[in-house]
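Read off the chains here:
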Amino acid sequence: MRQMSRRPEWGRRRAVAAVGVVLFVSQLAAAEGRPPSAAATRATPSSQGAPAVARSARDVARILGDYEQAAGGRRALLAIRSLIASGAIQRRQDSSPRSFSIRFLRPASVQSVEVMPAGTIDLARISTLDGSRAWSSRSALTGGDPLGSAGWDAERKAQVQSRRLALELALGIVPSLLAEGNVVTFSLGDSVRDEASGKELDRLLVADEAGYFGGVYFDTQTHLPARIDFSFIATMGRPSEVTRRTVVGDHRKVSGLVLPFSLVRGGTRIQISAYERDQPLSRDLFERVTSEAGLRRIVDAAR
């Protein structure tokens, strides 16, 4: 079972100045070569007053700027057109690991795919953000009609859930590719000391149009992502909001970038074996599918 903790109270953090810093999953305004402070720090009104807002904006820009330098440089990050991370995911209760892949396609598409072979059946979990729309699928691919749900989530709450699930791990892989469109924004949170490692961590709170839903924590020594906190609605039993924590690590240099190869969430371990940069990715992979053939195409591309 996943380790989960009660969602922290976000109310007290709303007074923190929100700084418009958008994840790379929308149009990269910074492609024109503007510095982070120009492309990524759009302060909004706050009860703290203008000087505090400006200081918070500078702190967010500093944290992201330090990350960019540590991750291979701003120019290298902005040059990314697509990125594919592939590997295996294994939960504590699984007898064997499952295939795992997460795909990024600019300007605004992210998709995570998890596949567990079960004899002649493939159990597939897919979470997709395609621009402003999101969809998810939990299906058993049997060779006929898929057993499960797939397609665009009609209800707003389902849209929010699917979008956030697609973005969760992206926050630990390439958190500061700057963009416009306000798909995800960062604001300054309090620095913390990690209980397990004892390291000091800078924290950026993460929000979308529906509100806050997590945080990204950066090691103050390496400036690389060290942890993700992700809040969502648990639907087993009585629906409730919970927060799950992912430890990000084993950073290595790949094609001029420094990227994580290990993501551990409670009893679940994701081990990335390879990254592929700027490989051709069909935009069709991110579009709505409801058929066995459509889902199979997504699954096969993730193997």
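Note that the structure is predicted; figures quoted are calculated from it, not measured. (Residues numbered from 1 in each chain as written. Predicted model: local features only at pLDDT ≥ 70, side-chain atom pairs only at ≥ 80, totals over all residues. Heavy atoms only, no water.)

Draft legend 1. Spatial organisation of the overall build of the chain. Within the chain one finds six helices and 16 strands. Each of the 303 residues in the chain was classed as buried or not, and the buried ones make up 53%. As presented, the chain carries roughly 13,700 Å² of accessible surface, and 50% of it is formed by carbon and sulfur atoms. (Helix = DSSP H or I, 4+ residues; strand = E, 2+ residues; numbered from the N terminus. Buried < 20%, exposed > 50% of the residue type's maximum accessible area, 1.4 Å probe, protein only. Areas by Shrake-Rupley, 256 points an atom, 1.4 Å probe, with all protein chains shown as cover.)

Draft legend 2. Broad picture of the pairing of strand β4 (residues 98-105). Along β4, seven of the eight residues are buried, which leaves the element largely enclosed by surrounding structure. As defined by bridge partners, strand β3 (residues 82-90) adjoins β4 across eight bridges and the pair is classed as antiparallel. Residue pairing across strands places I84 opposite R103, the latter belonging to β4. (Pairing = 2+ DSSP bridges.)

Draft legend 3. Structural detail: the environment of G211. Relative to the helices and strands, G211 is located in strand β12 (residues 211-219). Leave out the neighbours within four places in its chain, and G211 touches R164 and V206. (Contact = heavy atoms within 4.5 Å.)

Draft legend 4. Seen up close, the confidence of the model for the chain. Per-chain confidence: the chain averages 76 in pLDDT, with 72% of residues scoring 70 or above. Per-residue pLDDT stays below 50 along residues 1-47; that stretch engages in 145 contacts with residues further than four places along the chain or on separate chains. Contacts for the low-pLDDT stretch residues 149-154, under 50 throughout, to residues beyond four places or in other chains number 29 contacts. (pLDDT = per-residue confidence, 0-100.)

Draft legend 5. Inspection of the side chain of E114 at higher detail. Along the chain, E114 falls in strand β5 (residues 109-118). Looking at E114, its side chain comes within polar contact range of the side chain of R91, at 2.4 Å. A distance of 3.3 Å separates the side chain of E114 from the side chain of R98, its partner in a polar contact. Those residues in contact with E114 that lie beyond four places of it in its chain are I89, R91, R98, S99, L123, A124 and R125. (Polar contact = N/O pair within 3.5 Å; in protein donor to acceptor, adjacent residues only side chain to side chain.)

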